[in-house]
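Here is what each chain is made of, one letter per residue.
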Amino acid sequence: MAEKVVEMGKLLGKTYEGKAPVLMPILKGGFIFAADLIRALDPCPEDLVVEFVSARSYGARTETSGTVQVSFDAEAVAGRHCLMVDDLCDSGLTLLTVRDQLLAAGTASVASVVLLDKRARRKVSYDPDFVCLDCPNQWVAGMGMDTNQRYRSMDYVAVLKPEAIQKAMHSA
């Protein structure tokens with residue numbers, strides 16, 4: 001995983017050189033990958049800023065609700081090149097919704113980078129612009145990804161056994 005993040009940091013560093021990008025970690029899951037990615041940017045684009053996006057579609061469930069609640073500072077992104085950073089693209093709904101709202105806010109451009117891409121779960125027509133690794137159609141957690149707020153802090157990604165999922169879903 002770490003090697004893939006470093007590779008992505010080099011690619012994005014070159015892609016956004018001279019563009020003063022806004023890196024936009026999607027909370028909550030995207031913040032750990034974003035922190036690793038920012039440290040890996042090489043070269044680190046001058047005037048890089050970070051603005052967080054709050055996006056929620058799961059709650060305490062394992063399936064998306066189909067509705068994404070999004071919040072970000074529209075003034076901070078107007079006229080800027082924005083890069084959404086997320087842990088996982090599965091249904092595609094969150095990234096599509098955030099992208100559309102960023103474009104409506106008047107950004108110069110919007111792209112996305114994800115740690116994992118789970119294409120088998122796609123429900124909308126959306127593909128991330130940059131992908132570190134493909135993900136099997138299994139429930140994963142760690143490196144920012146959670147199950148009902150559990151397992152997010154693991155420094156690796158694990159496929160969860162059904163009993164671990166059930167335990168997390170029924171914890172207080």
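Residues numbered from 1 in each chain as written. Predicted model: local features only at pLDDT ≥ 70, side-chain atom pairs only at ≥ 80, totals over all residues. Heavy atoms only, no water.

Q: Explanation requested: the overall build of the protein in the structure shown.
A: If you tally the helices and strands in the protein, you get five helices and nine strands. Listing each helix as α and each strand as β along the protein from the N terminus yields α-β-α-β-β-β-α-β-α-β-β-β-β-α. For the protein, the C-alpha radius of gyration of 16 Å lies close to 16 Å, the compact-globule estimate for 172 residues. In the protein, which comprises 172 residues, the proportion classed as buried is 47%. Taking all contacts inside the protein whose residues are at least 6 apart in sequence as the whole, residues at least 24 apart take part in 66%. Put simply, the protein shows about 8,500 Å² of open surface, and 50% of that area lies on carbon and sulfur atoms. (Helix = DSSP H or I, 4+ residues; strand = E, 2+ residues; numbered from the N terminus. Rg over C-alpha atoms; globule rule 2.2 N^0.38 Å. Buried < 20%, exposed > 50% of the residue type's maximum accessible area, 1.4 Å probe, protein only. Contact = heavy atoms within 4.5 Å. Areas by Shrake-Rupley, 256 points an atom, 1.4 Å probe, with all protein chains shown as cover.)

Q: Please clarify how the nonpolar core should be interpreted in this entry.
A: Inside soluble globular proteins, nonpolar side chains tend to come together where they are buried. If you look at the biggest cluster of nonpolar residues, it comprises 23 residues, and the most contacted ones within it are L12, F33, L37, L83, V85, V113 and L115. Looking at this core, the elements that each hand over two or more residues are α1 (2-15), α2 (30-40), β5 (81-89), β6 (109-117) and β7 (130-134). Those residues in contact with L37 that sit more than four places away from it in its chain are V5, M8, G9, L12, V85 and V113. Core analysis: the second largest hydrophobic core is formed by 21 residues, V68, C82, M84 and A105 among them. (Core = buried A, V, L, I, M, F, W, Y, C linked by side-chain atoms within 4.5 Å.)

Q: Before we go on, may I ask you to explain a nonpolar patch on the surface in this structure?
A: A cluster of nonpolar side chains, L27, F31, V50 and F52, forms an exposed patch at the surface whose accessible area comes to about 320 Å². Relative accessible area serves as the criterion here: at 35%, V50 is assigned to the partly exposed category. (Patch = residues over 30% accessible without salt bridge, like charges linked within 9 Å, V, L, I, M, F, W, Y side chains within 5 Å. Salt bridge = Lys/Arg side-chain N within 4 Å of Asp/Glu carboxyl O.)

Q: Help me out: how do you make sense of the pairing of β6 in this one?
A: Walk down a regular strand and you will see the side chains alternate between the two sheet faces. Among the nine residues of β6, eight are classified as buried, and the element is accordingly described as predominantly covered. Note that the unit made of β5, helix α4 (residues 93-104) and β6 has a crossover that is right-handed. (Right-handed = clockwise from strand over helix to strand, strands pointing away.)

Q: It is not clear to me how the packing of aromatic side chains should be interpreted in this structure. Could you clarify?
A: Think of a pair of aromatic rings as described by two things: how far the centres are apart, and how the planes are tilted against each other in angle. Under the definition given, this model contains zero aromatic pairs. Between the NZ or CZ atom of K19 and the centre of the ring of Y16, over which it lies, the distance is 5.7 Å. (Phe/Tyr/Trp six-rings, centres within 6.5 Å; stacked < 30°, edge-to-face > 60°. Lys NZ or Arg CZ within 6 Å of the ring centre and 35° of its normal.)

Q: Sorry if this is basic, but what is going on with the side chain of T107 here?
A: Within the secondary structure, T107 sits in the loop between α4 and β6. Residues within four places of T107 in sequence aside, it is in contact with V77, G79, R80, C82 and L102.

Q: Even after reading the chapter, I still don't get the pattern of salt bridges, so can you show me in this structure?
A: Side-chain pairing between opposite charges can occur once the charged atoms of the two side chains come close. Within the structure shown, the criterion is met by eight salt bridges. Notably, a salt bridge pairs E7 with K4, separated by 4.0 Å at the nearest N-O pair. With E7 and K4 both in helix α1, this residue pair falls three residues apart, about one helical turn. E7 sits in the partly exposed class, given a relative accessible area of 45%. Put simply, R152 and D146 hold a salt bridge, and the shortest N to O gap is 3.2 Å.

Q: I keep staring at the pairing of β5 and nothing clicks. Help me out?
A: In terms of residue burial, β5 counts as a mostly covered element, since eight of its nine residues are buried. Where strand β1 (residues 22-27) lies against β5, four bridges are found, and the strand directions are parallel. Residue pairing across strands places M24 opposite M84, the latter belonging to β5. Taken together, the eight bridges between β5 and β6 define a ladder with parallel strand orientation. Its bridge partner being in β6, L83 is matched across the sheet by A111. (Pairing = 2+ DSSP bridges.)

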